[in-house]
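One-letter residues, chain by chain:
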Amino acid sequence: MNYLEINSSKNIILAVTGGIAAYKSAILVRRLKDYGFHVRVVMTQGAQAFITPLTFQALSGNSVHTALLDSDAEAGMGHIELARWADLVLVAPASCNTIARCAHGLADDLLSTLYLATKAPVWIAPAMNQQMWAAKSTQRNLSILKADGVHIITPDSGAQACGDVGLGRMPEPEVIAEQVHAYFQQTQNTTSLGMLAGKRVAITAGPTREAIDPVRYISNQSTGKMGFALAEACYAAGAEVTLIAGPVCLSTPYGVKRKNVVSAADMLAQSMDALETGCDIFIATAAVADYRVDDIATQKIKKIGDTLDLELVKNPDIVATIAEQAQRPFMVGFAAETQHLEDYANGKLVNKKLDMIACNDVSRKDIGFASDDNAMVVFFAKKYAMPARTLEKAPKLEIAHALVESIAQALQTQA
Ligand code: C5P
């Protein structure tokens, strides 16, 4: 079953409360619908001071629920029916007031009543002024909700609409929608569901940056998308995932532990650390810079001559180094080739002592690096006696799920 089929059977109530971040909720409806979810919107009175129900009606394709004691609305879909309809109640933005009311069991408006009446998981995305977020009563109420099983989406830090700077911004709609999506992937019957249950996975992703001087560096075009998609797919398959990420502009997939690194040396150190803390599967998607500057200048290099010589030395091969360790995990490498795919991929499989290698043809313009799609051929080490598997062009997340299946199948042959 693909993810759109799973999501199209899921109902989400998006509850919008009174805060300036309510404008982001309009985009959130769009993103949730992009993922295939059914969305119904509930608004508090405060929310309606910031944005109109009509906006949400148009975006969600459903009438908006605003009142508890409204006989017309109750005759349509009453609050109890609405509470039963939901597979997830997402309160975004969640104001200080709503947090306090839910924490103390009030039931005098539609949202607070819905909160009490639903059996569905409840997620809240608090959004407020940084001082209000830090207030003892807010933190106390949040711990009550947490203890009651509510999932709290940590607010972002940054400039706020009121002019303050600090914690309290609602995360971007794309980030929240992605987390909701990942949650349903994990809890529903995807083909890879449970395939990596109990496994600890470490994934390297993105480029590395090798400093030349305090302001310049050598790097490459990798966006990290494939590694992040794999992190999401491994988590959805039940694994505990550590994502060792070079400098990329991607948000951390839900449930994944992220370690940010800059250089190949940092990436190797974090990879060794992951191995020491326990790692069953190591997936190397990172485009590690092959060389680094031998002698990094401590001051900015001045443009004096017409040419500049930089002495480069080879970086350690991270995946090969991990593969040589005594407590060696199942090793997955990637190869980007422009020709002789099979020969080169098999060469790397043997030389780097990998168990599996996923190879893509980077001469194709429609896939690879910055693209959202990929296409691959997967090869396995001889001992698995598994034939090569071709994965036709598909979104990177679908490719990632297929790779998870291949990993699980290879592990199964050795069980
Ligand atoms: O040798 P090449 O760079 O083509 O190999 C690609 C594979 O090796 C990828 O899985 C990549 O993440 C990994 N690699 C690494 N450390 C390096 C170079 C490549 O882990 N220094």
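The structure presented is a predicted model; accordingly, all values stated were derived computationally and were not measured. (Residues numbered from 1 in each chain as written. Predicted model: local features only at pLDDT ≥ 70, side-chain atom pairs only at ≥ 80, totals over all residues. Heavy atoms only, no water.)

### Structural notes on the domain arrangement of the protein chain
Domain boundaries in the protein chain define domain 1 (3–183) and domain 2 (193–413). One C-alpha centre belongs to domain 1, the other to domain 2; they are set 37 Å apart. Taken together, the contact between domain 1 and domain 2 spans eight residues of the former and four residues of the latter. Summed over the shared surface of domain 1 and domain 2, the number is zero salt bridges. (Domains from an automatic or database assignment. Contact = heavy atoms within 4.5 Å. Salt bridge = Lys/Arg side-chain N within 4 Å of Asp/Glu carboxyl O.)

### So, the pairing of strand S2 (residues 38–43)
Counted residue by residue, S2 has five buried out of six residues, so it is predominantly covered. Assessed by its sense of winding, the connection that carries the chain from strand S1 (residues 11–16) through helix H2 (residues 22–34) to S2 is right-handed. (Buried < 20%, exposed > 50% of the residue type's maximum accessible area, 1.4 Å probe, protein only. Helix = DSSP H or I, 4+ residues; strand = E, 2+ residues; numbered from the N terminus. Right-handed = clockwise from strand over helix to strand, strands pointing away.)

### With respect to a negative patch on the surface
On the surface, Asp294, Asp295, Asp309 and Glu311 cluster together into a patch of negative charge. Mapping Asp294 onto the fold places it in the loop between strand S14 (291–293) and strand S15 (312–314). (Patch = residues over 30% accessible without salt bridge, like charges linked within 9 Å, V, L, I, M, F, W, Y side chains within 5 Å. Areas by Shrake-Rupley, 256 points an atom, 1.4 Å probe, with all protein chains shown as cover. Lys, Arg positive; Asp, Glu negative; His and termini not counted. Charge placed at Lys NZ, Arg CZ, Asp CG, Glu CD.)

### Things to note about the packing of aromatic side chains
One pass over the full model with this rule turns up four aromatic pairs. Ring geometry for Phe37 versus Phe184: centroids 5.4 Å apart, planes at 50°, classification tilted. Residue Phe37 is located in the loop between H2 and S2, and its partner Phe184 is located in helix H11 (residues 173–187); the two are separated by 147 residues in the primary sequence. Each of the two residues, Phe37 as well as Phe184, counts as buried. For the ring pair Trp123 and Tyr183, a centre distance of 5.4 Å and an interplane angle of 70° mean the geometry is edge-to-face. Linking Trp123 in strand S4 (residues 122–126) with Tyr183 in helix H11, this pair joins segments that are 60 residues apart in sequence. Of the residues examined, Trp123 reaches a relative accessible area of 2% and is grouped as buried. Chaining the aromatic ring pairs together yields one cluster made of Phe37, Trp123, Tyr183 and Phe184. (Phe/Tyr/Trp six-rings, centres within 6.5 Å; stacked < 30°, edge-to-face > 60°.)

### Remarks on empty space enclosed by the protein
All chains considered together, the criterion is met by two cavities of 30 Å³ or more. Quantified by volume, the largest cavity comes out at close to 40 Å³. Every residue lining the largest cavity is listed: His65, Ala67, Ala73, Glu74, Met77, Gly78, His79, Leu82 and Leu110. Counting only elements with at least two residues in the lining of the largest cavity, the list comes to helix H5 (71–77) and helix H6 (79–85). Of all the elements, H5 adds the most residues to the lining of the largest cavity, at three residues. (1 Å grid on protein atoms, 1.4 Å probe; cavity = no way out; pocket = protein on both sides within 12 Å on 5 of 7 lines; lining within 4 Å. Points joined across faces, edges and corners; volume = space filled by probe spheres on them.)

### Observations regarding the layout of surface pockets
Counted as a void, the largest pocket has a volume near 1,000 Å³. Surrounding the largest pocket, 39 residues form its lining, Thr285, Ala286, Ala287, Val288 and Phe334 being those nearest its centre. Residue assignment for the lining of the largest pocket shows that the elements contributing at least two residues are helix H12 (225–236), helix H14 (318–323), strand S16 (330–337), strand S17 (356–361) and strand S18 (373–380). Among the residues making up the lining of the largest pocket, the classes are represented as 18 nonpolar, 14 polar and seven charged. By volume, the second largest pocket amounts to about 670 Å³. Every residue lining the second largest pocket is counted, 19 residues in all, and those nearest its centre are Tyr35, Glu178, Glu232, Asp372 and Leu397. Every element with two or more residues in the lining of the second largest pocket is listed here: H2, H11, H12 and helix H16 (396–414). Residue-level mapping places the lining of the second largest pocket at the junction of two domains, with at least three residues from each of domain 1 (3–183) and domain 2 (193–413). (Nonpolar A, V, L, I, M, F, W, Y, C, P; charged D, E, K, R; others polar.)

### Some remarks on a nonpolar patch on the surface
On the surface, a cluster of nonpolar side chains totalling about 370 Å² of accessible area is made up of Tyr291, Leu308, Leu310 and Leu312. Position of Leu310 relative to the elements: it lies in the loop between S14 and S15.

### A look at the sheet that holds strand S3 (residues 88–94)
Read across the sheet, five strands follow the order S2-S1-S3-S4-S5 without closing on themselves; strand pairing throughout is parallel. The sheet terminates laterally at S2 and strand S5 (151–152), the two strands that pair on one side only. In the sheet, S4 pairs with S5 via two bridges, with the strands oriented parallel. For Trp123, the partnering residue across the bridge sits in S5 and is His151. Set on the sheet, H11 makes contact with S1, S3 and S4; between it and S3 the angle comes to about 160°. (Pairing = 2+ DSSP bridges. Axes fitted to C-alpha atoms, helices over the stretch in contact; angles between N-to-C directions.)

### Let's talk about helix H13 (residues 264–277)
The end-to-end C-alpha distance of H13 is 20 Å, a good match for the 20 Å that 14 residues give at a rise of 1.5 Å each. Those residues of H13 hidden inside the fold are in contact with strand S8 (200–205), strand S9 (210–211), strand S11 (240–245), strand S13 (281–284) and H14. (Expected span 1.5 Å × (residues − 1).)

### Concerning the site of the ligand
Taken together, Ala284, Thr285, Ala286, Val288, Pro316, Asp317, Ile318, Val319, Gly333, Phe334, Lys348 and Lys352 are the residues near the ligand. Ala284 is positioned such that a nitrogen or oxygen atom in its backbone is 2.6 Å from an oxygen atom of the ligand. One of the backbone N or O atoms of Ile318 is found 2.9 Å from a nitrogen atom in the ligand. The fraction of the free accessible surface of the ligand (450 Å²) that becomes covered by protein chains is 83%. Judged by the proximity of its atoms to the pocket grid, the ligand belongs to the largest pocket. (Near = heavy atom within 4 Å. Polar contact = N/O pair within 3.5 Å; in protein donor to acceptor, adjacent residues only side chain to side chain. Sits in = over half its atoms within 2 Å of the grid points.)

### Considerations on the packing of H2 against H11
Contact geometry for H2 and H11: axes closest at 9 Å, N-to-C directions at 40°. By the criterion of interaxial angle, the relationship of H2 to H11 is oblique. In this structure, H2 crosses over H11, and the sense of that crossing is right-handed. Two secondary-structure elements touch here, H2 through Lys24, Ile27, Leu28, Arg31 and Leu32 and H11 through Pro173, Glu174, Ile176, Ala177 and Val180. In the contact of H2 with H11, the residues fall into seven nonpolar, no polar and three charged. (Parallel < 35°, antiparallel > 145°, perpendicular 65-115°, else oblique. Left-handed = near helix turned anticlockwise from the far one by under 90°.)

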